[in-house]
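Report on the structure
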Amino acid sequence: MSVAHLESQSQITAETFRPLYDAQSAYFKTGITRTYEFRRTQLKKLESIIRENESQIAAALYKDLRKHPQEAYMTETGAVLEEIKVQLRNLKAWMRPKTVTSSIFLFPAHSYIVPDPLGTVLVISPWNYPILLTLRVVAGAIAAGNTLIIKPSELSPNTSELMASILNEAFPKEYLHVLLGEGATVLPGLLEHFHFDHVMYTGSTSVGKKIMAMAAKQLSPVTLELGGKSPCVVEPDANLKIAAKRIVWGKLINAGQSCVAPDYILVHESIKTVFIETLIKEIERGFGTNPQKSSSYARIINQKRFNQLLTYLQEGTIVYGGQYDASDLYIAPTILENIHPDAGIMKDELFGPLLPVFTYKDKQEALDFIDRNPYPLAFYLFTSSTTTERYFMERLRFGGGAVNETILQLANSALPYGGVGYSGHGRYLGKYSFDTFTHYKGIVKRATWFEPFFRHAPFHPMKTKLWRFLLGRK
Ligand code: NAD
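Report follows, based on the coordinates. (Residues numbered from 1 in each chain as written. Predicted model: local features only at pLDDT ≥ 70, side-chain atom pairs only at ≥ 80, totals over all residues. Heavy atoms only, no water.)

Some thoughts on the side chain of Gln257
By the element assignment, Gln257 lies in the loop between helix H10 (240-252) and strand S9 (264-268). With relative accessibility at 0%, the residue Gln257 sits in the buried group. Only 2.9 Å separates the side chain of Gln257 from the backbone oxygen of Arg299, close enough to count as a polar contact. Not counting chain neighbours up to four residues away, the residues in contact with Gln257 comprise Leu65, Trp127, Asn128, Tyr129, Arg299, Ile300, Ile301, Phe351 and Gly352. (Helix = DSSP H or I, 4+ residues; strand = E, 2+ residues; numbered from the N terminus. Buried < 20%, exposed > 50% of the residue type's maximum accessible area, 1.4 Å probe, protein only. Polar contact = N/O pair within 3.5 Å; in protein donor to acceptor, adjacent residues only side chain to side chain. Contact = heavy atoms within 4.5 Å.)

Points about the site of the ligand
Surrounding the ligand, one finds 29 residues, the nearest of these being Lys151, Ser153, Glu154, Leu226 and Glu349. Separating an oxygen atom of the ligand from a backbone N or O atom of Gly183 is a distance of 3.2 Å. Taking Ser204, its main chain carries an N or O atom lying 2.8 Å from an oxygen atom of the ligand. When the ligand is considered free in solution it has 830 Å² of accessible area, and contact with the protein chains removes 90% of it. Across the shell around the ligand, the residue classes break down as 16 nonpolar, eight polar and five charged. Formed jointly, the shell around the ligand draws a minimum of three residues from each of two domains, domain 1 (3-226 + 427-438) and domain 2 (231-413). (Near = heavy atom within 4 Å. Areas by Shrake-Rupley, 256 points an atom, 1.4 Å probe, with all protein chains shown as cover. Nonpolar A, V, L, I, M, F, W, Y, C, P; charged D, E, K, R; others polar. Domains from an automatic or database assignment.)

Observations regarding the pairing of strand S8 (residues 231-234)
Side-chain alternation along S8 places Pro231 and Val233 on one buried face and Cys232 and Val234 on a second face that is also buried. In this fold, S8 hands off to H10, which returns the chain to S9; that crossover is right-handed. Pairing geometry for S8 and strand S15 (residues 378-382), over three bridges, is parallel. Along S15, the bridge assignment pairs Cys232 with Tyr380. (Right-handed = clockwise from strand over helix to strand, strands pointing away. Pairing = 2+ DSSP bridges.)

Some thoughts on the side chain of Ser423
Within the secondary structure, Ser423 sits in the loop between strand S16 (400-403) and strand S17 (424-425). Polar side-chain contacts of Ser423 include one of 3.5 Å to the backbone oxygen of Pro376. At a separation of 2.9 Å, a polar atom in the side chain of Ser423 contacts the main-chain carbonyl oxygen of Val420. Not counting residues within four places of it along the chain, the set of residues in contact with Ser423 comprises Leu224, Glu225, Leu226, Gly227, Tyr375, Pro376 and Leu377.

So this is what it looks like as structure tokens:
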């Protein structure tokens, strides 16, 4: 895309946005996006432009976040391609109207549900997984037959500009269009003045509140995919080596800037020392003794976040790591102890490579600690006991999670992905995406050869009796 095109997007206001909004509304009303062939073709197109631009995507992610190409493929491009495959494989079945039973008092009737596209969907995405958290959502909205406006984050400019460039070139703007610009400047003009048939927002809880308030002005429905402090509990019966491996992987991928990264560890007091030693071994196995030199270790997104993380570093005893380099936006993988539970680091979502470790004596104590930051987006438990697994799963409210694993709940399109309470509402992935971007129209079709006289006025005790009889009541 030309620079002129990008520049022309920098001044989006309600007024300048109207022609695009009207064009998408008109395009949707033609019905073209509804057909199976159209949806399939667009998904295929998305798939092929991702494949064609795989190396440019990896390069942009490297520039924005210093992500290793393997990490970029594992956690972004590859995961989007997988989601497109799932949408393509199931599209026909999901689009089919479904017959359901009809109550006896409706006899003779046929009831069915029609999956209907919503209309124009607004996708607002963050910087930490800019490809994954934009295009996985986009795949679901395309499959469901909508038109799309996409607003990626200004904080990952290389990836956002690349997405705008390749998507805006491949798709007509009346069907799908990427808008660039600062969220705080661009989005009020859109959300407060236009009704969107769905708004899918992924980002921080604080901005999520603003998005929901703005969307409410036009009664636009919203899905909020937010953040939170995701705890990781390590029980004494866990396989400690595997636990350390998987926690280090989940914590340090994207230098801890993952919404579902284990935020802090609650380890049983009896195994704390040995577990911390195992964690350190695992960090050094993956990233060496100086991770700044490792090509597998990403960087902090910007100076503001970097400074915030440095303040957290002061809030505990550094057991391991603690080095940083502002000129490189580098912060070493760091294990912290002796943190006051009311410190800032335990109030905000950490979103960086710092790993606070706390201990607990019994499960109830662990639950009480987690409850200080209720509704985490993710919860991770390391144990070999199914009784322990049931204990935590039945008592904690959280978006989604894993047992003896971290993060990979996101990798299964058969699982709903979303938060609860302060970590968001609504869900997506696979069929859940199709459902999120679909309106299910319920239709009852009645035959005309029979008309029950007792439904009509004038009402009468005998008619009431018949009606009650049909409903199975005396
Ligand atoms: P961000 O700053 O990139 O913001 C996300 C989007 O909101 C961007 O498109 C941005 O332009 C827009 N925005 C920012 N400020 C705005 C404002 N004042 N008004 C309107 N729009 C605005 O990303 P972020 O919010 O810093 O992302 C990090 C947060 O996102 C973390 O809390 C993380 O946990 C959360 N997150 C959640 C998920 C999830 O799937 N639940 C995934 C990734 C990140």
